[in-house]
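Structure assessment
Chain by chain, the residues:
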Amino acid sequence: MNNLVNVLLPVFLVMGAGYLAAWRGMMTDSAIAGLMKFAQAFAIPVILATQMAKMNVWASFHPAPLISFYAGALAAFGLSVVLARSWLGRAPMDAAAIGFCAMFSNSVLLGLPIMERAYGPGSLDGNIAIIALHSPLLFTVGILAMEVARAEGGSLGAVGMSALRGLFRTPMVIGILVGFALNVWINTTGLDLPRPVWDAMNMIGRAGVPAALFGLGGVLHRYRPEGDGRAIAMVVLGSLVLHPGIGYVLGRWVFHLDTAALRSVVLTASMAPGINAYLFADMYGAAKRVAASAVLVATGLSLLTIWLWLAILP
């Protein structure tokens, strides 16, 4: 439990600093918006590009763990979208944003350190394989759903073109594609980027997470969870219970995964929505208050739920 506190507490402290700065008027709304723009359009895409460029994508690729993990993620997304529309009466774009929050777990900032602290540095191979597909696949699902919602009532061809344009204009997807292209180029030619280029990319990337978390704190000051309790609860249950629960059932009872793979699937799935969940909502201007509040509430509650999953896992 102390290790989990040590991992999660810094996240709250940085967000709290941003909240305090906005509350005391040290950061205006426009300044917070600029900080989030930097994180969303520049720093986070650079992180994704760097990770994709350096990752050995197929080294730990096995279908069964990936199916176990992503079946749970997509189920959380689909159920949340349907309930947001039918039960909560939210607009289509809001429903897509809520569904994205429910399926997008914080697989890197929380998943890797918690897995390493729980089971040691040698336990991360399964996590890496999941992470390699995490942002490309789930951002594609979210963006396609959002573009379909935004183009509601249009022809199938128009919706498809709108979705493709939205997908390939998204900074985070561009970062993933650039990183994948670099990965292929480096592994095919044996040539690498100059050291100063990597250093510059690392400098920008290192600024992304603290900037995004600080900015999210400022956003939380503006978007209070008034009237959004049911939507926030839906995201929390989808991300902390449904997603890892499906991963556990499929991994243990359907695919009979070995212990290491099952741990990677369930623990990664049990992570709360990350900062990218809010960045996605902010990018489309949909359900931002729900996304910001859900990140905060789910991250706090994950301290308990992750401990429970650790107790259940072999």
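Residues numbered from 1 in each chain as written. Predicted model: local features only at pLDDT ≥ 70, side-chain atom pairs only at ≥ 80, totals over all residues. Heavy atoms only, no water.

Looking now at the side chain of Asn183. Of note, Asn183 is situated in helix 8 (residues 171-189). Accessibility expressed as a relative area gives 9% for Asn183, which makes it buried. Among the polar contacts listed, one links the side chain of Asn183 to the backbone oxygen of Ala53, at a separation of 3.4 Å. (Helix = DSSP H or I, 4+ residues; strand = E, 2+ residues; numbered from the N terminus. Buried < 20%, exposed > 50% of the residue type's maximum accessible area, 1.4 Å probe, protein only. Polar contact = N/O pair within 3.5 Å; in protein donor to acceptor, adjacent residues only side chain to side chain.)

This next bit is on helix 3 (residues 63-86). Here helix 3 spans 34 Å end to end across 24 residues, near enough to the 34 Å set by a 1.5 Å rise per residue. Turning to helix 3, its buried residues are Pro65, Leu66, Ser68, Phe69, Tyr70, Gly72, Ala73, Ala76, Phe77, Ser80 and Ala84. Those residues of helix 3 hidden inside the fold are in contact with helix 4 (92-103), helix 6 (125-150), helix 10 (229-254) and helix 11 (259-269). (Expected span 1.5 Å × (residues − 1). Contact = heavy atoms within 4.5 Å.)

With that out of the way, let us pick up unusual backbone geometry. Even without a glycine there, the phi angle at His256 is positive, about 50°. As for its position among the elements, His256 is in the loop between helix 10 and helix 11. Of note in the backbone geometry, Ala287 takes a positive phi value of approximately 50° without being a glycine. Tracing the sequence through the fold places Ala287 in the loop between helix 12 (275-284) and helix 13 (288-312). Here Ala287 falls in the buried class, since its relative accessible area comes to 9%.

A separate point is helix 13. Taking 1.5 Å of rise per residue, the 25 residues of helix 13 would be expected to cover 36 Å, and the 34 Å separating its terminal C-alpha atoms lies within 8% of that figure. For helix 13, the principal kink sits at Ser302 and spans about 40°. (Bend = angle between axes of the 7 residues up to and from the residue.)

Looking now at a nonpolar patch on the surface. Where nonpolar side chains cluster on the molecular surface, the patch consists of Ile67, Val249, Trp253, Val254 and Phe255 and spans about 470 Å² of accessible area. With three residues, the single largest contributor to the nonpolar patch is helix 10. Its place among the elements puts Trp253 in helix 10. (Patch = residues over 30% accessible without salt bridge, like charges linked within 9 Å, V, L, I, M, F, W, Y side chains within 5 Å. Areas by Shrake-Rupley, 256 points an atom, 1.4 Å probe, with all protein chains shown as cover. Salt bridge = Lys/Arg side-chain N within 4 Å of Asp/Glu carboxyl O.)

A general tendency of soluble globular proteins is for nonpolar side chains to be buried together. With 83 residues, the main nonpolar core has Ile98, Phe139 and Tyr278 as its most contacted residues. Of the residues forming this core, the biggest block, eight residues, is contributed by helix 13. Residues within four places of Tyr278 in sequence aside, it is in contact with Met36, Leu216, Val219, Tyr223, Lys288, Ala291, Ala292 and Val295. (Core = buried A, V, L, I, M, F, W, Y, C linked by side-chain atoms within 4.5 Å.)

Attention shifts here to the packing of aromatic side chains. Applying the stated criterion to the full structure yields eight aromatic pairs. Centroid distance Tyr248 to Trp309: 6.2 Å. Interplanar angle 45°. Geometry classified as tilted. With Tyr248 in helix 10 and Trp309 in helix 13, the pair connects residues that are 61 residues apart, well separated along the chain. A cation sits over an aromatic face here: Lys54 above Trp198, 4.6 Å from the ring centre. (Phe/Tyr/Trp six-rings, centres within 6.5 Å; stacked < 30°, edge-to-face > 60°. Lys NZ or Arg CZ within 6 Å of the ring centre and 35° of its normal.)

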